[in-house]
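# Examining the three-dimensional arrangement
What follows is each chain in one-letter form.
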Amino acid sequence: MKKPLFALIASIAFASTALAQTTVSEPWVRATVPQQKSSGAFMHVRSADAARLVSASSPVAKSVEIHKMEMVGQMMKMREVDGIDLPAGETVNLASGGYHIMLVGLNKQLKEGESVPLSLLVERQQGKRETVVVDAPVKALTYAAPKAPAAGHAHH
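Keep in mind it's a predicted model, so treat the numbers as computed, not measured. (Residues numbered from 1 in each chain as written. Predicted model: local features only at pLDDT ≥ 70, side-chain atom pairs only at ≥ 80, totals over all residues. Heavy atoms only, no water.)

## Overview of the environment of isoleucine 84
Within the secondary structure layout, isoleucine 84 lies in strand 6 (residues 84-86). Note on isoleucine 84: relative accessible area 1%, which makes it buried. With 33 residues separating them along the chain, isoleucine 84 and alanine 51 place their C-alpha atoms 8.7 Å apart. Discounting chain neighbours no more than four positions away, the residues touching isoleucine 84 are Ala51, Arg52, Leu53, Ile66, Val92, Leu94 and Tyr99. (Helix = DSSP H or I, 4+ residues; strand = E, 2+ residues; numbered from the N terminus. Buried < 20%, exposed > 50% of the residue type's maximum accessible area, 1.4 Å probe, protein only. Contact = heavy atoms within 4.5 Å.)

Take a look at the structure:
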């Protein structure tokens, strides 16, 4: 009886190490108006261990870029970055006004109620890569995402 039980425990232990290390919550994409060729995708990304979001793709866009908004003097500037660090166990908020994902060269209008498939490529230590597939709902142009919960602060 011990061998099958040991094999079962070993297979469960092995399977758990193969599970996704990166989780995505609250994903959404901003709706577009006709003829608009780009939109933003926003979400909360959390990695169990230190990793880096290095790229993204979606069938609805010619290209998908990782961007950062930041104040430069008195002006808000947006620029493409080569990735986003994901510190171990911390939630990184991809939101308007900070890091976000840009869908460039849209092949159709994105309408509220639809969803957009996104594939996120996360790179770990030793060059290990993980693809996280997300189905992001399209939200109205006026939608404002809820703020990410602050780590270590409980609301009473």
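So much for the structure itself; the text now carries on.
## Points about the nonpolar core
If you look at the biggest cluster of nonpolar residues, it comprises 29 residues, and the most contacted ones within it are Leu53, Ile101 and Leu103. Among all residues touching leucine 103, those that are not within four sequence positions of it are Val29, Lys37, Ser38, Ser39, Ser58, Val60, Ala61, Ser63, Val64, Leu110, Val116 and Leu118. (Core = buried A, V, L, I, M, F, W, Y, C linked by side-chain atoms within 4.5 Å.)

## Side note on unusual backbone geometry
Glycine aside, residues mostly have negative phi angles, and peptide bonds mostly take the trans form. Positioned with a positive phi, glutamate 26 is a non-glycine residue whose angle comes to about 55 degrees. With respect to the helices, strands and loops of the structure, glutamate 26 is situated in strand 1 (residues 22-30).

## Description of the environment of glutamate 65
Mapping glutamate 65 onto the fold places it in strand 4 (residues 61-72). Between the alpha carbons of glutamate 65 and histidine 100 there is a distance of 8.6 Å; along the sequence they are 35 residues apart. Once residues lying within four places of it in the same chain are set aside, the contact partners of glutamate 65 are Glu80, His100, Ile101, Met102 and Val104. Reaching out from glutamate 65, the side chain makes a polar contact with the side chain of histidine 67 at a distance of 2.7 Å. (Polar contact = N/O pair within 3.5 Å; in protein donor to acceptor, adjacent residues only side chain to side chain.)

## Side note on the pattern of salt bridges
Inspection of every chain in the model, using the stated rule, returns 8 salt bridges. Between glutamate 70 and lysine 68 there is a salt bridge whose closest N-O contact spans 3.6 Å. With its nearest N and O atoms 2.8 Å apart, the salt bridge here joins arginine 129 to glutamate 123. Overlapping salt bridges, with partners in common, bring together Asp49, Arg124 and Glu130 in one network. (Salt bridge = Lys/Arg side-chain N within 4 Å of Asp/Glu carboxyl O.)

Taken by themselves, the reported measurements are silent on function.
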